[in-house]
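Summary of structural features
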Amino acid sequence: MLTLSGMADGSDTTLTTEQPEKETPAGLVTGIRSFAADHGGARAVIEYVGKRGARIVLVGTDGTWADQFADGTDVARAACVSAGVTVENEWERELMDQMRPSNDLWRSMARRTLSR
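Residues numbered from 1 in each chain as written. Predicted model: local features only at pLDDT ≥ 70, side-chain atom pairs only at ≥ 80, totals over all residues. Heavy atoms only, no water.

**Details of the packing of aromatic side chains**
Just so we agree on the cut-off: Ring pairs shown here join Phe, Tyr and Trp side chains whose ring centres sit within 6.5 Å, with only the six-membered ring taken for Trp; geometry is labelled stacked below 30 degrees between planes, edge-to-face above 60, and tilted in between. Two conditions define a charge sitting above a ring: the NZ of Lys or the CZ of Arg must be within 6 Å of the ring centre, and it must be within 35 degrees of the ring normal.
By the definition in use, this model includes 0 aromatic pairs. The ring of Phe 69 has Arg 52 sitting right over it, with the charged end atom 4.2 Å from the ring centre.

**Some remarks on the pattern of salt bridges**
Rules: One speaks of a salt bridge when a side-chain nitrogen belonging to Lys or Arg is within 4 Å of a carboxyl oxygen belonging to Asp or Glu. Secondary structure elements are defined from DSSP: runs of H or I of at least 4 residues count as helices, runs of E of at least 2 residues count as strands, and each element is numbered from the N terminus. Buried, partly exposed and exposed residues are distinguished by accessible area as a fraction of the type maximum, computed with a 1.4 Å probe on protein chains only: under 20%, between the cut-offs, and over 50%, respectively.
With the rule as written, the count across this model stands at 3 salt bridges. Residues Arg 55 and Asp 67 are paired through a salt bridge, measuring 2.9 Å at the closest nitrogen-oxygen approach. Placement of the pair is Arg 55 in strand β2 (residues 54–60) and Asp 67 in strand β3 (residues 65–70), with a sequence separation of 12 residues. Look at Arg 55 and you get partly exposed, because its relative accessible area is 22%. Of the residues examined, Asp 67 reaches a relative accessible area of 33% and is grouped as partly exposed. Residues joined by salt bridges that share partners form a network here, namely Glu 47, Arg 55 and Asp 67.

**Section: the side chain of Glu 88**
Here is the rule: N or O atoms closer than or at 3.5 Å make up a polar contact, with two conditions inside protein: a donor-capable atom paired with an acceptor-capable one, and, for residues adjacent in sequence, both atoms drawn from side chains. Working rule for contacts: check all heavy atoms of both residues, and any pair within 4.5 Å makes them a contact.
With respect to the helices and strands, the residue Glu 88 is situated in strand β4 (residues 86–88). Taking the relative accessible area as the measure of exposure, Glu 88 reaches 14% and is therefore buried. For Glu 88, the side chain forms a polar contact with the side chain of Arg 43, separated by 3.3 Å. Non-local contacts of Glu 88, meaning those with residues more than four positions away in its chain, are made with Arg 43, Ala 44, Val 45 and Leu 95.

Shown next, in the form of structure tokens:
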């Protein structure tokens, strides 16, 4: 019979591991800041995309939009805060109404639909 000494019966301790803090890439912050400056300010929505990390969708005040990718939602949020861009919790109607897709985007979406 195997017995372990030094362990209390009914121990409620939980093993935790320390996660190293992820560093915010300077290029990501610079890209977000540059987009905001070029489009009169911006707001962001962060979407979790699985193993890929997180997608940051930036919507400029002028309606132009773009996206960036980060290693995780925490990195994406930190990059937006560092760049001075407001992060929205979800896609709100006002934000979606503000988006203005370019003619190139409309053409690319039409090609995808027609090719199916």
